[in-house]
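# Commentary on secondary and tertiary structure
Here's the letter readout for the chains.
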Amino acid sequence: MILSDLDRCVSGDGSEVYRRVFADEAVFALEREHIFGKSWLYLCHDSQLKKPGDFITTYMADTPIIVARGDDGKIHASVNSCSHRGLPVCRSDSGNAKRFVCPYHSWSYTVTGDLASIPQERHTCNGRDRAHLGLKPVPRLAEYRGLVFGSFNQGIESLDDYLGDMRFYLDSYFNRFPAGVEVLGEPHKWRLRANWKLPVENQLGDVAHGPYLHATLLGDSPAVPEIDNFGHNCVPKAGHGAAVRLMPANAAPQDIAWGLEGMAALSGDPEFLSYLLEVQAQAAEKIGPIGARIKGLTYGVYPNLSFLWSNSTLRVSHPRGAKEVEYWSWWVVPADAPDSVKTLLRSNFTHMFGPGGLLEQEDSESWMQQLKGSDISYMDDRPLYYGLGQGEECGHPDLPGLIGSSYNEHYAREFYKRWREDIASGMREGG
Amino acid sequence: MDLNRDLHFEVEQFYYREARLLDDREYQQWLALLSEDICYVMPSRYVAQRDHALRGTEAYLSPEREMQTETASDLPLREENYFVLAVRVDRAFKPTAWGDNPPARTRRHVSNVELLGCEGDELKVVSNFMLNYSRHGQDNFLYSGQRRDCLRREGGSFKVASREIILDWNVITAPTVALFF
């Protein structure tokens, strides 16, 4: 591809996205280099790494990564590939270790990636530079409210600047609870024949599909009129998005409180109710009066992190080429909630989302069918339409960013405009 | 109940009937085979770190260490009661159940039925299954796993009082596990 080909990927105003963007391996090669190679990518939540030696394995796009807490108490990330013959040195999803040992010749590394020993060394004479034989580090790491990100881009802006006003929306959940949040258990992992951007776009602000695709469950949901009355699609910075309801100042606490929207509340459990109402009563002190009135829907952090508010799940869309995605979903809960409350809250996630979810079975169907519609060469001149609500987004007295109605597709236009600009500037830099 | 050939035959016939109802999309009749206090769980499986203190013992390799079940700090794929299963059945018969429109062609094969023991009117049974799932022309997927059941004797038949579905995947490579297993 050459620079001018980008005109046939995304129109200048983002309202037209050409189908090849979802199905062309040449486009994915550019994304890997100029988007996944340059952005901040979500790695894990710091609650997954409590003690020195704790580690998890994950991916940055399709690069296998070990994230671990070192003896220095800090989080480190390195590529899970031995410097000798390239095998993965860590072979489990999570755990606690002193050393990672490559199975092939037993080269070993500390959890933070330094080379610890080469067993064959004592039989050879030539000197070697051990400093360069450690695991390749992820050069930049940063954390916001427990969310740990890494970047391959040494010169990337600070995570705070990268998130910008998205921090206001992240705070309204991730800073809402007295003792913060924690990720419990192992993520659901799920391989789908879909492009990585479609799950992202779905959870960046696509509230509009809810009552239709999910009509079996959401057709009569009280959430739908609430979204019509109080819902906003917020774009604090191009590429990020937050679909929220800003509940009225006089709304009853039980109509705002996080956790009461979903299957768990049907239990009528008094401890559950009192814990969540107490969180809501204290919320304004932590996140201000506007933050406390936020009742979120979906969040997205560019390029591939999503968060579902009511269903308390963080998810990352790991690309596997243009036509496949490995979708990971973690479960997030208030850290100080009693175990019985956490167990009840889990049903807000597992009944609806994840590979077995009642709602997500229709989403995954759509993402896979959309790939088929994107892979029709005769349709190369018929881009997909993202123009709903175009020009109607504007400022808001209480909410940062550009704000549109729940049905304004500006969250996607801004995402694809940034996507195009990131690839274009990467191609220009590369000559 | 005596764990004899007659009982084994009866349990097998129960499972074959259940598989036929599901493959024929007669989910309402299938729901009637479940007890209303059913506990229906599908653990997720992850790649657990080995515990070298257990080396040399069978516990070292036990699949149980790979399971995310319904304890407070775990994340199973599914954990449902009768109400949620009834919602799933109800959903399937609505025109807007797009994940099942058109419906998948499925074929369930139940095998390795083993009666583990009984207590009162409850019977512990494990069995294996293969499920072929075919949608949209060439989209074919194979599910493989184990079911760990508690069957309760009720009248001349059984009801499923609890079921744990162990899928043989770490990364799910099918479009959905929101099926009836």
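The rules we used
- Residues numbered from 1 in each chain as written.
- Chains lettered and ligands numbered in written order.
- Predicted model: local features only at pLDDT ≥ 70, side-chain atom pairs only at ≥ 80, totals over all residues.
- Heavy atoms only, no water.
- Helix = DSSP H or I, 4+ residues; strand = E, 2+ residues; numbered from the N terminus.
- Buried < 20%, exposed > 50% of the residue type's maximum accessible area, 1.4 Å probe, protein only.
- Contact = heavy atoms within 4.5 Å.
- Phe/Tyr/Trp six-rings, centres within 6.5 Å; stacked < 30°, edge-to-face > 60°.
- Lys NZ or Arg CZ within 6 Å of the ring centre and 35° of its normal.
- pLDDT = per-residue confidence, 0-100.
- Core = buried A, V, L, I, M, F, W, Y, C linked by side-chain atoms within 4.5 Å.
- Salt bridge = Lys/Arg side-chain N within 4 Å of Asp/Glu carboxyl O.
- Polar contact = N/O pair within 3.5 Å; in protein donor to acceptor, adjacent residues only side chain to side chain.
- Pairing = 2+ DSSP bridges.
- Axes fitted to C-alpha atoms, helices over the stretch in contact; angles between N-to-C directions.

## Observations regarding the side chain of Asn304(A)
Residues and elements named next belong to chain A. Mapped onto the fold, Asn-304 is located in the loop between strand S15 (294–301) and strand S16 (305–308). A residue is classified by how much of its surface remains accessible, and Asn-304, at 3% relative accessible area, is buried. Leave out the neighbours within four places in its chain, and Asn-304 touches Phe-36, Leu-41, Trp-196, Val-200, Arg-315, Val-316, Ser-317 and His-318.

## Focus: the packing of aromatic side chains
Throughout the structure, instances matching the rule amount to 31 aromatic pairs over all chains. An angle of 55 degrees between the planes, with centres 5.8 Å apart, marks the rings of Tyr143(B) and Phe181(B) as tilted. Taken together, the residues Tyr143(B) in strand S7 (residues 139–154) and Phe181(B) in the segment after strand S8 (157–167) connect sequence positions 38 residues apart. Of the two residues examined, Tyr143(B) and Phe181(B), each falls in the buried class. One aromatic cluster in this structure is built from Tyr173(A), Phe174(A), Phe177(A), Trp258(A), Tyr299(A), Phe307(A) and Trp309(A). Between Lys189(A) and the ring centre of Trp328(A), over which it is positioned, the NZ or CZ distance is 4.1 Å. Arg147(B) extends its terminal NZ or CZ atom over the ring of Tyr15(B), reaching a point 4.8 Å from the ring centre.

## Details of the confidence of the model for chain B
For chain B, the mean per-residue pLDDT works out to 96, and 100% of the residues sit at or above 70. ipTM for the predicted complex: 0.95, alongside a pTM of 0.97.

## Focus: the nonpolar core
Tyr169(A), Tyr299(A), Leu314(A), Trp419(A), Tyr143(B), Leu167(B) and Phe181(B) are the most contacted members of the largest nonpolar core, which totals 150 residues. Considering every element that reaches this core, the biggest residue donor is helix H12 (residues 410–429) of chain A, with eight residues. Not counting residues up to four positions away in its chain, the partners in contact with Tyr169(A) are Cys234(A), Pro236(A), Ala242(A), Val244(A), Ile294(A), Tyr299(A), Leu399(A), Pro400(A) and Ile403(A).

## So, the interface of chain B and chain A
At the interface, 42 residues of chain B touch 45 residues of chain A. Along the contact surface separating chain B from chain A lie five salt bridges. Among the salt bridges present, the one from Asp139(B) reaches Arg193(A), with a minimum N-O distance of 3.6 Å. The tally of links between chain B and chain A comes to 27 residue pairs in polar contact (both at pLDDT 80 or more). Put simply, the parts of the chain that give the side of chain B that touches chain A at least two residues each are strand S4 (78–80), helix H3 (82–92) and S7 of chain B. The leading source of residues in the side of chain B that touches chain A is H3(B), at five residues.

## Describing unusual backbone geometry
All names here are of chain A. Of note, the amide linkage connecting Tyr-302 to Pro-303 takes the cis form, showing an omega dihedral of 0 degrees. In this structure, Pro-303 sits in the loop between S15 and S16. The backbone of Ala-61 sits at a positive phi, close to 55 degrees, despite the residue not being glycine. Here Ala-61 shows up in the loop between strand S3 (54–60) and strand S4 (63–69).

## A word on the sheet that holds S4(A)
Residue and element names in this part refer to chain A. On the basis of which strands lie adjacent, the open sheet formed by four strands has the order S5-S4-S3-S6 and antiparallel pairing. Each end of this open sheet is capped by a strand with a single partner; those strands are strand S5 (75–79) and strand S6 (94–96). Each neighbouring strand pair of the sheet contributes to a mean axis angle of 30 degrees, computed without reference to strand direction. Sheet topology places S3 next to S4; six bridges connect them, and they run antiparallel. Counterpart to Tyr-59 in the pairing with S4 is Pro-64.

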